[in-house]
Amino acid sequence: MHEDQLLPAEPGVRAIARELYRHAKDLPLISPHGHVDPAILADDRPFPDPARLIVVPDHYITRMLASQGIEPAALGVPSLDGTAVQTDGRTIWRLLAANWHLFRGTPSRLWTERVLTEVFEVQTALSVRTADEVYDAIAARLADPEFRPRALFERFNLEVLATTESPLSDLGAHAKLAADGWGGPGGRVITTFRPDDLVDVDWPGWEDRVAQLGAGTYAQFLDRLRERRLAFIAAGATSSDHGHPTAATLSLSPGEAAALFDRARRGRVEPGDAERFRAHMLVEFARMSVEDGLVMQLHPGAVRNHNAALYARHGRDVGGDIPGPTEYVRALRPLLDEFGTDRRFRIVLYTLDETVFTRELAPLAGGYSAVFLGAPWWFLDSPEGLRRFREAVTETAGFYNTAGFVDDTRAFCSIPVRHDVARRIDAGFLARLVAEHRLPLDEAAETIADLAYHLPKRVFQRTVHNGVTQ
Amino acid sequence: MHEDQLLPAEPGVRAIARELYRHAKDLPLISPHGHVDPAILADDRPFPDPARLIVVPDHYITRMLASQGIEPAALGVPSLDGTAVQTDGRTIWRLLAANWHLFRGTPSRLWTERVLTEVFEVQTALSVRTADEVYDAIAARLADPEFRPRALFERFNLEVLATTESPLSDLGAHAKLAADGWGGPGGRVITTFRPDDLVDVDWPGWEDRVAQLGAGTYAQFLDRLRERRLAFIAAGATSSDHGHPTAATLSLSPGEAAALFDRARRGRVEPGDAERFRAHMLVEFARMSVEDGLVMQLHPGAVRNHNAALYARHGRDVGGDIPGPTEYVRALRPLLDEFGTDRRFRIVLYTLDETVFTRELAPLAGGYSAVFLGAPWWFLDSPEGLRRFREAVTETAGFYNTAGFVDDTRAFCSIPVRHDVARRIDAGFLARLVAEHRLPLDEAAETIADLAYHLPKRVFQRTVHNGVTQ
Amino acid sequence: MHEDQLLPAEPGVRAIARELYRHAKDLPLISPHGHVDPAILADDRPFPDPARLIVVPDHYITRMLASQGIEPAALGVPSLDGTAVQTDGRTIWRLLAANWHLFRGTPSRLWTERVLTEVFEVQTALSVRTADEVYDAIAARLADPEFRPRALFERFNLEVLATTESPLSDLGAHAKLAADGWGGPGGRVITTFRPDDLVDVDWPGWEDRVAQLGAGTYAQFLDRLRERRLAFIAAGATSSDHGHPTAATLSLSPGEAAALFDRARRGRVEPGDAERFRAHMLVEFARMSVEDGLVMQLHPGAVRNHNAALYARHGRDVGGDIPGPTEYVRALRPLLDEFGTDRRFRIVLYTLDETVFTRELAPLAGGYSAVFLGAPWWFLDSPEGLRRFREAVTETAGFYNTAGFVDDTRAFCSIPVRHDVARRIDAGFLARLVAEHRLPLDEAAETIADLAYHLPKRVFQRTVHNGVTQ
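Residues numbered from 1 in each chain as written. Chains lettered and ligands numbered in written order. Predicted model: local features only at pLDDT ≥ 70, side-chain atom pairs only at ≥ 80, totals over all residues. Heavy atoms only, no water.

S.K.: Which parts of the structure should I look at to understand the overall build of chain A?
M.R.: The helix and strand inventory of chain A stands at 20 helices and 11 strands. The C-alpha radius of gyration of chain A comes to 22 Å, within 12% of the 23 Å expected for a compact globule of 470 residues. Each of the three principal axes of chain A carries a C-alpha extent, and together these read 65 × 60 × 45 Å. Going through the 470 residues of chain A one by one, you find that 64% of them count as buried. Pairs at least 24 residues apart make up 77% of the contacts formed inside chain A by residues separated by at least 6 positions. Accessible area for chain A stands at about 15600 Å²; split by element, carbon and sulfur atoms hold 51% of it. For chain A, the distance from the average site of its 53 positive side-chain charges to the average site of its 65 negative ones is 0 Å. (Helix = DSSP H or I, 4+ residues; strand = E, 2+ residues; numbered from the N terminus. Rg over C-alpha atoms; globule rule 2.2 N^0.38 Å. Buried < 20%, exposed > 50% of the residue type's maximum accessible area, 1.4 Å probe, protein only. Contact = heavy atoms within 4.5 Å. Areas by Shrake-Rupley, 256 points an atom, 1.4 Å probe, with all protein chains shown as cover. Lys, Arg positive; Asp, Glu negative; His and termini not counted. Charge placed at Lys NZ, Arg CZ, Asp CG, Glu CD.)

Below, the structure is given as structure tokens:
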């Protein structure tokens, strides 16, 4: 990796960007939102083979290969329908290497290359010719205790990593982590409260999950959720997370909400019920946040399981989701009417729809004390996406209404490079402001450190103290 | 302020941009649309203290501070509900200074800094430490007759400034200006006809305002509006302005329009009536424009008073509006069907939704003789917003279907810097075209002078002569 | 024309871009989609006068002039309503020259200038003063046999050019071309199957055209269309093309489809019928593609004949269409559910709505094996549009899910410059990736050759072999 990777090409701006990057480069990583399996760190077992570590679970990689006709089953993606799946890691790895050109210009290429060179210290460039050599080199490292998860966690300079769990989780991995001095409130590995599977009445099995929660009535449902939030807080959680089809929010009366809940329990949902219940529950969760201090995160706008053939064969979360147009201004109004200027409340908004950055999200974040802008997410978590984000939101929301970088990843080994990419892009953006005489160098240097470390720490590690958020 | 502020960083392009900027820099300012209170120039009294001049009335500034939990009341924003409001200018100013870092990367920072250095000749950078020193320096200037509004008007090289008034205004300030040789047709300070409060039947008090206009019937309503337009033209107006939730237009029959008007007068509006009446009135105002020659301006797309808590405490126009998605192509069709190619008609379209620039507005302006593109507005009136505007619209609409820069500001002292920012961004954009061998230097130089001066003058100072617009 | 036209201004990046452009510059042109009249090449007659060649048929040019009040009739655009139309080529040409400044910054200017200098070897810059000189110089060339269509085809280094015809066309020009060794399967000039006039029941005259096709029933309608596709394939077609108001797709049952068809035949369409029939027929055409191997192209999102006055006087396709917001994710779901991962199917998606590039189209192309991204189209086929396209889609879809440049033009003489612009913009984009150390130079060089030549050839010249697309 060249030391100037991703910095602007113009020599004058690049020199400034280098200087700014120096102020962020070595700051500890705050990973306030992501999807790493906590068992990886709880158990601290060696990682599996290179294909199972890098290819099989990464839907950025498998979907790109699928888009050129390479079946996910040939890449080892587990099937639900009995389709035979490739199990030989080396064969999967060779398929990746043979199609490596497909990833030119993508963040997957950049992330993977740097995981190979920086985490696994493999300097050979990946190609058809070198596939086996690279595979063997990574495999050799994986056998070394220095490449176990906790050792890597230390090496990555991670200060805190938040995982994401359903309220139904027993949080067993987190209990193990706490017992080992790694978890619990203020710990290095913490959880996040993600109740989508309990508020989405359209999601098959909802009734069973509600029963598992122990909620016979709507009032019990709210009580059980409140209790689970406290259990999550005891496991270190500082935030909740909500992945919804839309950003709709709604304040139903308790009676209306209970009636809707009862209909759903009896399997008699009416058209619009699912959307209305999700929308209503966002306002309820906001109310709970005011009480218990969890920062709310909202990830709306994915059309889930769009690829019907993929869903039928391989199920959820394997690259079949596609973004759709997403509206926030009218959708969030009920929630913001109640809590938008409440000092005890904080919500971090994400989007898959870039058009809302200047039009909706920056004005909302620049106008409501409760609203912060989450980092570019998923398809937008990329050099160009991160750059466009700063260009789009800064003039209206400034830097201090943004919540810092969030890696949102399942791929533990890619966490450092993802944060590094964000730091480099921010360095380039700030360098341009300096070069165009819009911001003095010393203030830009302070800003990049805030973006890289201080802001996410402050936004996500809030505590409610005497009724006012710190 | 560095002399190269906002010019592209690459030295070759910057050299061209500097040369181009030289052709626009000293041209007089045409301010064809804005919200300066005409009494400021009619009375020519000294400005109040620095906080009341720069902080209190500027919702860009108060909303950013509010977004980080600083109450507008603490910034002196007048309240409607009896909330105590800070009245000490120095205390307000210190709050701004203590939070000055929030404005990094925003146009508010850039505008304010240049108002301090260039208008008030204060060279000390604002910070917690220097708050009082800066405050005292500005206050001292404000006591000097050379810093009175008319003296500044001359110093700013303003050729014409349009204010904006309701048809219900008696235009008293403009009469005073005319008496002093500053106002009236062809004068230096002119008015703009803005009838929103009379066509928005949803706006509380509409019935009273219609009564105040003297309109008992729909026919009288149209007559009174026509008469007020003539009074505005006598006070120098060359344009009308329309701020609507959407760009919808509609041709109701006279009977339908009258029936709707009557329902509204009796307080019996039906769902959709308000939107239909606004839409219909846009077509009626277009028809009036054909007769009396006022250029029509349309500012659609703001969701007004979104922040309920702010609205309840402080009312309208204090930073609580948020843009929403806005459609023009189908919405404007009824109006364009009637007047889009009428040589006696001209409409300038603005937007808060950048997505329409390439998709809708540039194709409309590049296809209808009546349509011109207004400058980036409100949240988009910023270096990045202005740059994206040129990048988005030029290839389809060219330069000569755009209407020149519009400052749209209440902040009189910021007018020169706002125009200067637009000139610098245009210089940078044109310099890139020259550097990429897409436009010869001499044509770029002619173009920047047209954008800065000749185009807004031509678009807004039209006269109807023998039935054809000049 | 400067040799570095459109390459990035920064000297380091420009040097890389020059090197990359060298790898694409001289590759043959593949023109897989456009609207050149095949009779031009079948008859190989001299072109008409310069105005009839360059101004009259180019709606990019006539609409821009109309936007500043120059009537299309004064530019020689044929009228339907008896309006007198200018017939003197020189008079039309002088009007263009007198208003040449309107085109500053537009692709029309760049294309026209390079047609003049490179195709017609006229080095004099166009202006009011030189209008006649330029006109005479072009006219002189047009009399020269070396400037006849087939001679230019050879000079342009065109490998294959696809025209576009209705199923009702007898393909006579293509028969003549085949007889001369220029057409037919694998030929240099081929056709494209465009059935819009037969599936759009709202288009006046639909019943007559269906009768002309020989279809009395829905079953016959499908049969006749299948037969015409085979005739088109015999005339060299490798793709179909579909220009629809929206991207809606729908699977009606055969009974529902037949009932709708019968209603339409009896002139009794119900609201929504036209949209449903178009949507349904897209799925039917996809099904036919699976059988006969034609690559499907979809061009949705134009609001046709928006300018009512222009339409009344001059009819269709003269610059009166305006883009509207266009949704793909939900709209295409029925079609993709059936064929999105079918190895025998391929669809190339275009858009006039840039907002979908990152949000919808890149994720779809990066997730479905059947989906490819078409080049920026119409208002977006411009230097800035092409650059934004790569910036928007590459990170999610890569380069290899894009289908290469498509000129989509009626203007035969502008084909080389249009392709050259795309190659230069791609060189600049790839050069930035190289300069930012995101892609090695050798891979960038391979990529630009793929984009310019190998990819469009592979995507559009597919054959179905043993049930799998090659």
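S.K.: I'm lost on the packing of helix α12 (residues 218-234) of chain B against helix α14 (residues 273-292) of chain B in this one. Help?
M.R.: Geometry of a packed helix pair, given as the angle between the helix axes and the separation of the axes. All names here are of chain B. Where α12 contacts α14, the axes come no closer than 11 Å and their chain directions differ by 50 degrees. Judged on the interaxial angle alone, α14 and α12 are oblique. The way α12 lies across α14 gives a crossing that is right-handed. Residue-level contacts link Tyr218, Phe221, Leu222, Leu225, Arg226, Arg229 and Ile233 of α12 to Phe277, His280, Met281, Glu284, Phe285, Met288, Ser289, Glu291 and Asp292 of α14. Per-class residue counts for the contact of α12 with α14 are 9 nonpolar, 2 polar and 5 charged. (Axes fitted to C-alpha atoms, helices over the stretch in contact; angles between N-to-C directions. Parallel < 35°, antiparallel > 145°, perpendicular 65-115°, else oblique. Left-handed = near helix turned anticlockwise from the far one by under 90°. Nonpolar A, V, L, I, M, F, W, Y, C, P; charged D, E, K, R; others polar.)

S.K.: What's the story with the pairing of strand β5 (residues 295-300) of chain A in this structure? I'm lost.
M.R.: Residues and elements named next belong to chain A. Here β5 lies mainly inside the structure; 6 of its 6 residues are buried. In β5, alternate side chains face the same way, and those of Val295, Gln297 and His299 on one face and Met296, Leu298 and Pro300 on the other are all buried. As defined by bridge partners, strand β4 (residues 239-244) adjoins β5 across 6 bridges and the pair is classed as parallel. Within the sheet, the bridge partner assigned to His244 lies in β5 and is Pro300. Pairing of β5 with strand β8 (residues 347-349), which is carried by 3 bridges, proceeds in the parallel orientation. Each residue of the ladder has a partner; that of Met296, found in β8, is Ile347. (Pairing = 2+ DSSP bridges.)

S.K.: In this structure, what is going on with the sheet that holds strand β5 (residues 295-300) of chain B? I would like to understand it.
M.R.: Through backbone hydrogen bonds, the strands of a sheet pair up, either in parallel or in antiparallel fashion. All names here are of chain B. Strand order in the open sheet made by the 4 strands is β4-β5-β8-β9, with parallel pairing throughout. Each edge of the sheet is formed by a strand with only one pairing partner; in this case those strands are β4 (239-244) and β9 (371-373). Recorded for the sheet is a direction-independent mean angle of 25 degrees between the axes of neighbouring strands. Across the sheet, helix α17 (residues 356-365) is in contact with β8 (347-349) and β9; its angle to β9 comes to roughly 130 degrees. Packed onto the sheet, helix α20 (residues 441-460) meets β4, β5, β8 and β9 and runs at close to 105 degrees relative to β5.

S.K.: I keep staring at helix α1 (residues 11-24) of chain C and nothing clicks. Help me out?
M.R.: Every α-helix carries 3.6 residues per turn, so stepping three or four residues along brings you back to the same face. Its 14 residues place the ends of α1 of chain C 20 Å apart at the C-alpha level, agreeing with the 20 Å of an ideal helix rising 1.5 Å per residue. All of the buried residues along α1 of chain C are Val13, Arg14, Ile16, Ala17, Leu20, Tyr21 and Ala24 of chain C. Down the axis of α1 of chain C, the buried side of the element spans an arc of 160 degrees, and every buried residue falls inside it. The exposed set on the far side of α1 of chain C, more than 90 degrees from its buried face, consists of Pro11 and Arg22 of chain C. Against α19 (415-435) of chain B together with α19 (415-435) and α20 (441-460) of chain C lie the buried residues of α1 of chain C. The distance from a side-chain oxygen at the start of α1 of chain C to the backbone nitrogen of Gly12 of chain C is 3.1 Å, and the residue carrying that oxygen is Glu10 of chain C. (Expected span 1.5 Å × (residues − 1). Arc of directions from axis to C-beta. Polar contact = N/O pair within 3.5 Å; in protein donor to acceptor, adjacent residues only side chain to side chain.)

S.K.: Where do I start with the interface of chain B and chain A in this structure?
M.R.: Where the parts come together, the accessible area they lose is often given as the size of the interface. Contacts between the two partners involve 47 residues from chain B and, on the opposite side, 44 residues from chain A. Between chain B and chain A lies a buried interface of about 3700 Å² when both sides are counted; carbon and sulfur atoms form 51% of it. If you sort the residues of chain B by the area they bury against chain A, Arg104, His306 and Glu384 of chain B come out on top, with a joint share of 20%. Linking chain B with chain A are 7 salt bridges, by the criterion used here. As a salt-bridge pair, Arg432 of chain A and Glu384 of chain B come within 3.0 Å of each other at their nearest N and O atoms. Linking chain B with chain A are 28 residue pairs in polar contact (both at pLDDT 80 or more), by the criterion used here. Looking at the side of chain B that touches chain A element by element, the count peaks at 5 residues for helix α18 (residues 383-397) of chain B. (Buried area = accessible area lost by both parts, 1.4 Å probe. Salt bridge = Lys/Arg side-chain N within 4 Å of Asp/Glu carboxyl O.)

S.K.: How should the relation of the copies chain B and chain A be read in this particular structure?
M.R.: What relates the pair of chain copies is a rotation about an axis plus a shift along that axis. The two copies are related by a screw motion: chain B maps onto chain A through a turn of 120 degrees and a shift of 0.0 Å along the axis, at an RMSD of 0.0 Å. Considering both components of the superposition, the chain copies are consistent with a three-fold axis. Mapped onto chain A, only 4% of the interface residues of chain B again fall at the interface, so the copies present different surfaces. (Least-squares fit on C-alpha atoms with pLDDT ≥ 70 in both.)

S.K.: Can you help me understand the interface of chain C and chain A in this one?
M.R.: Each partner contributes residues to the interface: chain C has 44 residues there, and chain A has 47 residues. Here chain C and chain A share an interface that buries about 3700 Å² over both sides, 51% of which is from carbon and sulfur atoms. For the chain C face of the interface with chain A, the top three residues by lost area are Arg359, Glu395 and His437 of chain C, together amounting to 20%. Taken together, chain C and chain A are joined by 7 salt bridges. We note a salt bridge from Asp353 of chain A to Arg359 of chain C, for which the minimum N-O separation is 3.1 Å. Inspection of the chain C/chain A interface yields 27 residue pairs in polar contact (both at pLDDT 80 or more). The set of elements that each furnish at least two residues to the side of chain C that touches chain A consists of α16 (333-339), α17 (356-365), α18 (383-397), α19 and α20 of chain C. Classifying every residue of the side of chain C that touches chain A by side-chain character gives 16 nonpolar, 12 polar and 16 charged.

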